[in-house]
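# Residue-level structure breakdown
For reference, the chains in residue letters:
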Amino acid sequence: MPESERDPFQLGIFMPNCSHAYCISSYKPEPDDWTYESNKNIAQAAEAAGFDFLFPVSRWRGFGGETNYLGTSLETMTWAAAILAATQTIRVYSTVHVPVFHPLVAAKMGGTLDHIGQGRWGINIVSGWSATEFGMMGIELLPHKERYQRTTAFIEILKGLWTQEPGSFTHVSPWYQITDGYVMPQPMQQPHPPIVNAGTSDAARDLVARLCDWAFIAPPSAEATPDMADDFKQRAQGYGRQVRCAGMPFVLWRETEREAQAEVQRIMDQTDMVAAQNWASGLSIGSESMTGFSLKMLALGAGALPVVGTAEQVAEQLARLYELGMDGVLIEFLHYYDDTVRFGKEIVPLLRQMGVVA
Ligand SMILES: Cc1cc2nc3c(=O)[nH]c(=O)nc-3n(C[C@H](O)[C@H](O)[C@H](O)COP(=O)(O)O)c2cc1C
């Protein structure tokens, strides 16, 4: 697509609806705060600062180690309901794990959430990868290929229930049977709220190309970005569709590059190796997403791309991601509230000058 026709870069926050978001490190310069009150304050600050969307993580238990990384987390459908009610313009996502939600229930909750937010809700649909989480519920993790076949059925059901005449949608697959499926209210957004997937395996890429609106991806480096983003977009074109890609940077800036790098070093020096190992081995057994990451890279935002330096350097690196084919970012911060406010004052104006954001 010609550069002039491209939508502006979408700025999102990977929200701390969980403990120890998202550095797998015991370095914490301020008290950990996953509470709703904190999330609401950050959401309202993000809206004022010019962010476009908020994105939570969905977890059912922590990853051990001294931090018990992500051990406490707010469930994301209920979280989104409250955050949508506390904001006016910003888009808010929920994340659902396919094995633990019935798609008709998710469709009904989604219709409800989109009405609460007056057309501002979106959904991230995760096939699931943590055998520990699902084992706790007595749910077996399907083999990777079948997992994505089931996720395909899940999304087809959501779309059917959201777009077809209520009471008319029927679906039969090895996983679901929907007879005269009825969901009212259907969402406000037409044809339906944005659908995200955040897998990077071949199966995930094909799913996104066929059925999703966004791929939220975490390439291991800026250099790896164009190949990954192009692949998603070309596959979608093969199905006569368009998809957009968002990256996951960990953004940290100080007066000087040296100070910023020193802070990064402190995070990495105090890596919670046990939690990082649990996270990585869960992902590498249960998914195909962890190639190209070291444990120390996980310390800094669990696989996020480090975007570090002065305000100008950070703005340039974010603008580069846009040039390299990313259509948006979900940003991780160290000091969530303060950095959200500072980002609005110090980085957004630079991105506007560069013509990257609206
Ligand atoms: C930005 C981003 C957000 C994600 N959020 C979650 C999440 O909330 N819960 C979860 O279980 N997995 C999450 N994941 C993991 C992916 O959804 C996916 O399950 C994993 O990468 C394995 O998929 P794959 O084997 O198809 O690559 C996220 C990944 C990324 C890049």
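Our structure is the block above this text.
Structural notes, computed from the coordinates. Keep in mind that this is a model prediction, so the values were computed, not measured.

## Comments concerning helix α5 (residues 144–163)
The terminal C-alpha atoms of α5 lie 29 Å apart, and with 20 residues this matches the ideal 28 Å at 1.5 Å per residue to within 8%. Within α5, burial applies to Arg 147, Tyr 148, Arg 150, Thr 151, Phe 154, Ile 155, Ile 157, Leu 158, Leu 161 and Trp 162.

## Regarding the packing of α5 against helix α6 (residues 202–211)
What describes two packed helices is the angle between their axes and the distance between those same axes. Between α5 and α6, whose axes approach to 10 Å, the crossing angle comes to 15 degrees. By the criterion of interaxial angle, the relationship of α5 to α6 is roughly parallel. In terms of crossing hand, the pair formed by α5 and α6 is right-handed. Of α6, the residues touching α5 (which contributes His 144, Lys 145, Tyr 148, Thr 151, Thr 152 and Ile 155) are Ala 203, Ala 204, Leu 207 and Leu 211. Residues that form the contact of α5 with α6 fall into these classes: six nonpolar, three polar and one charged.

## Overview of the nonpolar core
Counting 109 residues, the largest nonpolar core has Ile 13 and Leu 54 as its most contacted members. It is α5 that contributes the most residues to this core, seven residues altogether. Not counting the four nearest positions on each side in its chain, Leu 54 is found in contact with Gly 12, Ile 13, Met 15, Ala 43, Ala 46, Ile 83, Ile 90, Val 92 and Tyr 93.

## Overview of the sheet that holds strand β9 (residues 244–247)
Sheet architecture is closed into a barrel: eight strands sit in the order β1-β2-β3-β4-β7-β8-β9-β12, paired in parallel fashion. The average undirected angle you get between the axes of adjacent strands in this sheet is 30 degrees. Direction of pairing for strand β1 (residues 10–14) relative to strand β12 (residues 328–331): parallel, over a ladder of four bridges. What sits directly across from Gly 12, in β12, is Leu 330. The strands touched by helix α2 (residues 76–85) within the sheet are β2 (53–55), β3 (91–97) and β4 (121–126), with β3 carrying the most contacts at an inclination of about 170 degrees.

## A few points about the environment of Leu 113
Within the fold, Leu 113 resides in helix α3 (residues 103–116). The class of Leu 113 is buried, set by 24 C-beta atoms lying within 10 Å. Sequence separation of Leu 113 and Gln 353 is 240 residues, and the distance between their C-alpha atoms is 35 Å. Excluding residues that lie within four positions of it along the chain, Leu 113 makes contacts with Met 77, Ala 80, Ala 81, Leu 84, Ser 94 and Trp 121.

## Remarks on the pairing of β9
Here β9 shows a buried face lined by Arg 244 and Ala 246 and a second buried face lined by Cys 245 and Gly 247. As paired strands, strand β8 (residues 214–216) and β9 are joined by three bridges and run parallel to one another. Bridging across to β9, Phe 216 finds its partner in Ala 246. Note on the crossover from β8 through helix α7 (residues 225–238) to β9: the handedness is right-handed. In the sheet, β9 pairs with β12 via two bridges, with the strands oriented parallel. Paired with Gly 247 across the bridge in β12 is Val 329.

## Overview of the pairing of β3
Most of β3 is tucked away: seven of the seven residues are buried. Side chains Arg 91, Tyr 93, Thr 95 and His 97 project from β3 onto one buried face, and the interleaved Val 92, Ser 94 and Val 96 project onto a second face that is buried too. Across two bridges, β2 lies against β3 in parallel orientation. Opposite Leu 54, over in β3, you have Val 92 as the bridge partner.

Reading guide: rules and limits
- Residues numbered from 1 in each chain as written.
- Predicted model: local features only at pLDDT ≥ 70, side-chain atom pairs only at ≥ 80, totals over all residues.
- Helix = DSSP H or I, 4+ residues; strand = E, 2+ residues; numbered from the N terminus.
- Expected span 1.5 Å × (residues − 1).
- Buried ≥ 20, exposed ≤ 12 C-beta atoms within 10 Å, placed from the backbone.
- Axes fitted to C-alpha atoms, helices over the stretch in contact; angles between N-to-C directions.
- Parallel < 35°, antiparallel > 145°, perpendicular 65-115°, else oblique.
- Left-handed = near helix turned anticlockwise from the far one by under 90°.
- Contact = placed C-beta atoms within 7 Å.
- Nonpolar A, V, L, I, M, F, W, Y, C, P; charged D, E, K, R; others polar.
- Core = buried A, V, L, I, M, F, W, Y, C linked by C-beta atoms within 7 Å.
- Pairing = 2+ DSSP bridges.
- Right-handed = clockwise from strand over helix to strand, strands pointing away.

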